[in-house]
Amino acid sequence: MNTERVTQLNTKAKGLDALGIIKLAADEFASKVCFATSLGEEDQAITDMIAKTAPGIEIFTLDTGRLFVETYDLMAKNQKKYSKIKFKIYYPDTKTVEEMVRTKGINLFYESIENRKLCCHVRKVEPLQRALAGMDAWMVGLRREQAETRALLEPVEWDEANKKVKLNPLYNWSLEQVRDYNKKNVVDISPLHAQGFISIGCAPCTRAVKPGEDIRAGRWWWEQPEGKECGLHNNPKWKGN
């Protein structure tokens with residue numbers, strides 16, 4: 001890792017707004033940076049910003065095979081609306097999924113945290129590694145207020161697990177700012193958000209958030225909040241309680 005470069009980029013990014021961070025990513029990494037979208041409100045905002053600021057940035061999503069139908073519908077809308085952007089969809093390895101389901105069961109993730117993390121690894125982490133192959137940096141829609149595990153988020157970080165620079169254009173945005181941007185710019189969002197879903201992942205592992213609950217309460221609701229990450233965004237700065 002070039003620690004000095006990450007530090008320099010982080011210093012630059014802290015003086016920029018979200019659009020500026022996206023442009024910085026494009027200027028610094030050109031075709032070697034990509035954006036990972038899960039089609040949530042934050043990611044839809046970033047997709048729209050990329051279309052306006054840096055349409056050369058490749059956008060990809062991970063189709064786990066267990067997504068909501070509304071997510072697929074939104075995916076199709078994006079492909080038509082932002083037709084100048086290169087969209088890629090990555091899938092888990094078929095044989096690995098078949099073996100996991102055969103030995104652990106179709107809904108193994110409810111049985112234990114170990115099983116849930118295994119499923120996340122097979123359906124998300126391994127496909128992500130393929131998506132990032134050949135890239136020097138990637139961009140995501142993480143925000144500090146999303147979860148305890150993300151409270152120390154910086155605009156530019158080093159992703160040790162994938163050996164890439166990681167950029168968080170919305171790191172200091174509130175949910176209200178995200179929704180205000182999408183409304184003003186007529187950005188398509190999932191209809192699930194209006195039903196109480198804030199963070200949307202795989203259908204079996206996501207539910208609507210109840211009034212007063214944490215915004216990540218709908219993800220893996222049977223687990224403790226300090227462990228609610230799938231392996232895509234492990235933050236080494238987070239030490240837990």
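The structure we're discussing is the one just above.
The present account deals with the structure reproduced in this document. Residue numbers restart at each chain and count upward from 1, following the sequence in its written direction. The model is predicted, so local features are restricted to residues of pLDDT at least 70 and side-chain atom pairs to those at 80 or more, both for listing and for counting; the totals for chains, interfaces and linings are taken over all residues. Remark: hydrogens and water are excluded; side-chain values derive from all non-hydrogen atoms of the structure.

1. Let's talk about the nonpolar core
No. 1: Counting residues in hydrophobic clusters, the biggest one holds 44 residues, and the most contacted among them are Ile22, Val33, Ile50, Ile57, Phe60, Met139 and Leu167.
No. 2: If you tally residues by element for this core, the top one is helix H2 (residues 18–29), at six residues.
No. 3: Residue contacts follow a heavy-atom distance rule, with two residues in contact if any of their heavy atoms lie within 4.5 Å. With sequence-adjacent residues up to four places away left out, Leu167 is seen in contact with Ile21, Ala25, Phe29, Val33, Ala137, Trp138, Met139, Val140, Pro155 and Val156.
No. 4: To form a nonpolar core, buried Ala, Val, Leu, Ile, Met, Phe, Trp, Tyr and Cys residues must be joined to one another through side-chain atoms within 4.5 Å. Per-residue accessibility, obtained with a 1.4 Å probe over protein chains only, is compared with the maximum for each type, and a residue is labelled buried under 20%, exposed over 50%, and partly exposed between these values. Counting residues in hydrophobic clusters, the runner-up holds nine residues, among them Val97, Met100, Cys205 and Trp220. Each helix is a run of H or I in the DSSP string that is no shorter than four residues. Each strand is a run of E no shorter than two, and both are numbered from the N terminus.

2. Let's talk about the environment of Arg144
No. 1: With respect to the element layout, Arg144 can be found in the loop between strand E4 (137–139) and strand E5 (156–159).
No. 2: Accessibility expressed as a relative area gives 31% for Arg144, which makes it partly exposed.
No. 3: With 30 residues separating them along the chain, Arg144 and Ser174 place their C-alpha atoms 8.4 Å apart.
No. 4: Excluding anything up to four places from it in sequence, Arg144 contacts Arg150, Ala151, Leu153, Glu154 and Tyr171.
No. 5: As used in this structure description, the phrase polar contact means that two N or O atoms lie within 3.5 Å; if the pair is within protein, one of them must be able to donate a hydrogen and the other to accept it, and residues adjacent in sequence are counted only when both atoms belong to side chains. From its side chain, Arg144 meets the backbone oxygen of Leu153 in a polar contact 2.7 Å long.

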